[in-house]
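Given next are the chains, with one letter for each unit.
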Amino acid sequence: MRLVTYRAHPAAAARLGALVDEQVVDLATLGAAAGVALPDDMLAFIDLGPHAVRVASELVKEHAGRWPLASALPLANVRLLAPIPRPRKNIFGIGLNYVEHVAESSRTLDTAKDLPKQPVIFSKPPTTVIGPGEAIAHNARLTQQLDWEVELAVVMGTRASRVTKEAALSHVFGYSVMIDVSARDCRRAGQWIYSKGQDTYGPFGPCIVTADEIPDPHGLNLWLTVNGQMKQSSNTRHLLFDVAYLIADISAGISLEPGDIIATGTPEGVGAGRTPQEWLWPGDVVEAGVEGIGTLRHPVVAV
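What this report covers is the structure whose coordinates are included nearby. The written sequence of each chain sets the order in which its residues are numbered from 1. Predicted model: local features are reported for residues with pLDDT of at least 70 only, side-chain atom pairs are reported and counted for 80 or more only, and whole-chain, interface and lining totals are derived from all residues. Hydrogens and waters are ignored; side-chain quantities use all the structure's heavy atoms.

### With respect to the pattern of salt bridges
Reasoning step 1: Salt bridge, as used here, is a side-chain nitrogen of Lys or Arg placed within 4 Å of a carboxyl oxygen of Asp or Glu. One pass over the full model with this rule turns up 14 salt bridges.
Reasoning step 2: Here Lys165 ties to Asp242 by a salt bridge, and the two come within 3.7 Å at their closest N and O atoms. With Lys165 in helix α5 (residues 165–168) and Asp242 in the loop between β16 (229–235) and α7 (243–251), the pair connects residues that are 77 residues apart, well separated along the chain.
Reasoning step 3: Notably, a salt bridge pairs Arg297 with Glu287, separated by 3.7 Å at the nearest N-O pair. Here Glu287 lies in strand β18 (residues 285–290) and Arg297 lies in strand β19 (residues 294–302), a separation of ten residues in the sequence.
Reasoning step 4: Within this structure, Lys124, Asp147, Glu149, Asp180, Arg184 and Lys196 form a network of salt bridges that share partners. Here a strand is any run of E in DSSP of at least two residues, a helix any run of H or I of at least four, and the numbering for each starts at the N terminus.

### Section: the sheet that holds β18
Reasoning step 1: On the basis of which strands lie adjacent, the open sheet formed by five strands has the order β9-β19-β18-β15-β16 and mixed pairing. Edge positions in the open sheet fall to β9 (136–138) and β16, since each of these has one partner strand only. Pairwise comparison of adjacent strand axes, ignoring direction, gives a mean angle of 15 degrees for this sheet. Two strands are counted as paired when DSSP detects at least two bridges linking them. Lines fitted to C-alpha atoms define the axes here, with helix axes fitted over just the stretch in contact, and angles between the N-to-C directions of these axes take values from 0 to 180 degrees.

Here it is, written out as structure tokens:
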């Protein structure tokens, strides 16, 4: 399933939906019509575990094209939010996780030229998250080096503590797209959280594709453009540490819980790695996508 969080109109509450053929099907309403209790919130749905995905998927298939009254709206008539508008915890970010990005970062960002022997982990606060179409803030008082990074995002489905690499993917709920926005000139003594953790620096969405739809996340094309010009184009097969490795590594010391998000790293092509360097400025438009999931589009605005 392709799951979204949406508003039917500006004053409406956020609700959980399934994206089906350019329509958003409200899962709680669909469930009620079928006598099945389903939540109207993404995190509550994730908390129910794999059984909820199976039940909801079966209901969607059973009623496809014959939606109960008031259970489906045209996608064009709703506003999509970030699939998880307010994560419970900081997002786990992974730095330097594509070989070519390691090389470009060592040239311009004072990082080591050698490949990391372990995942480089940082975090982005929940307040970084914005949904499809929302503006990325450019605060000229804080940065003159606003940069882009497209990433595959992993959403956890069940608790993972000290799991093996072989079992890791069984804990995944689904996959999404994230743009890891970075203010390169806001790094502090090697610490990245202020550079990557400012408000609006975590565009996320447009949906979560459940893991049963993507059994292998290691063959997905991902790309990013600025003002229509291609800046990044690669494939998740080039991840230095793959998704299973990341889950096993993080969970060795930090429990991963339902709804936790891992942004798995970005390929080469970031602004800091270009000659001359390129940055985002008010008026720019960033688009990014991951194959089989969807596309994000965000304007950059001055604040």
